[in-house]
Amino acid sequence: KKFINDYVISYGKDRVDRYLAQAKQKEVVGKTDLDIIHENHRFIREGDDDLSKWEVRMAVKYYSKLFKEYCIADMSRYKEGKFG
């Protein structure tokens, strides 16, 4: 907060407001990797995926990484030794 306050004091609030207005006007052109993964992601993957598109390959790579690192488990009865 101190650095921001010092900047506003040094350059003035008008200059900061102009910079923020210019930053809001600039639009992002294209899609991010996360946008592409959201478009091509399927919860259950099967072997008949069309891997000719790089977008699909990236989503499959993300899916395989996610599948290996995370799991969904029902831990409501873990004290009884029952997992689901």
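Residues numbered from 1 in each chain as written. Predicted model: local features only at pLDDT ≥ 70, side-chain atom pairs only at ≥ 80, totals over all residues. Heavy atoms only, no water.

## Side note on the overall build of the protein chain
So, step 1. Scanning the protein chain for helices and strands turns up 4 helices and 0 strands.
So, step 2. In sequence order, the protein chain lays out its α and β elements as α-α-α-α.
So, step 3. C-alpha atoms of the protein chain, sized along the principal axes, occupy 60 × 45 × 15 Å.
So, step 4. Long-range contacts, defined here as pairs at least 24 residues apart, represent 9% of the contacts in the protein chain between residues at least 6 apart.
So, step 5. Total accessible area on the protein chain is roughly 8,300 Å²; 57% of this is exposed by carbon and sulfur atoms. (Helix = DSSP H or I, 4+ residues; strand = E, 2+ residues; numbered from the N terminus. Contact = heavy atoms within 4.5 Å. Areas by Shrake-Rupley, 256 points an atom, 1.4 Å probe, with all protein chains shown as cover.)

## Here we look at helix 1 (residues 2–11)
So, step 1. Within helix 1, only 0 of the 10 residues are buried, leaving the element largely exposed.
So, step 2. Count one or two residues on from helix 1 and you reach Gly12, which has phi positive near 90°. (Buried < 20%, exposed > 50% of the residue type's maximum accessible area, 1.4 Å probe, protein only.)

## Thoughts on the environment of Asp17
So, step 1. As for its placement among the helices and strands, Asp17 is situated in helix 2 (residues 13–25).
So, step 2. Overall, Asp17 belongs to the partly exposed group, its relative accessible area being 36%.

## What to know about the pattern of salt bridges
So, step 1. Under the counting rule described, the total for this entry stands at 1 salt bridge.
So, step 2. Ionic pairing is found between Lys31 and Glu39, a salt bridge with its closest N-O pair at 3.1 Å. (Salt bridge = Lys/Arg side-chain N within 4 Å of Asp/Glu carboxyl O.)

## What to know about the packing of helix 1 against helix 2
So, step 1. For the pair helix 1 and helix 2, interaxial distance at closest approach is 6 Å and the crossing angle is 110°. In terms of orientation, helix 1 lies roughly perpendicular with respect to helix 2. Contacts from Tyr7, Val8 and Tyr11 of helix 1 reach helix 2 at Lys13, Arg15 and Val16.
So, step 2. The residue makeup of the contact of helix 1 with helix 2, split by class, is 4 nonpolar, no polar and 2 charged. (Axes fitted to C-alpha atoms, helices over the stretch in contact; angles between N-to-C directions. Parallel < 35°, antiparallel > 145°, perpendicular 65-115°, else oblique. Nonpolar A, V, L, I, M, F, W, Y, C, P; charged D, E, K, R; others polar.)

## A closer look at the environment of His41
So, step 1. Here His41 is to be found in the loop between helix 3 (33–40) and helix 4 (54–69).
So, step 2. We classify His41 as partly exposed; its relative accessible area is 30%.
So, step 3. Once the C-alpha coordinates of His41 and Glu55 are considered, the two residues, 14 residues apart in sequence, prove to be 9.6 Å apart.
So, step 4. Beyond its immediate stretch of four places on either side in the chain, His41 contacts Ala59, Tyr62 and Tyr63.

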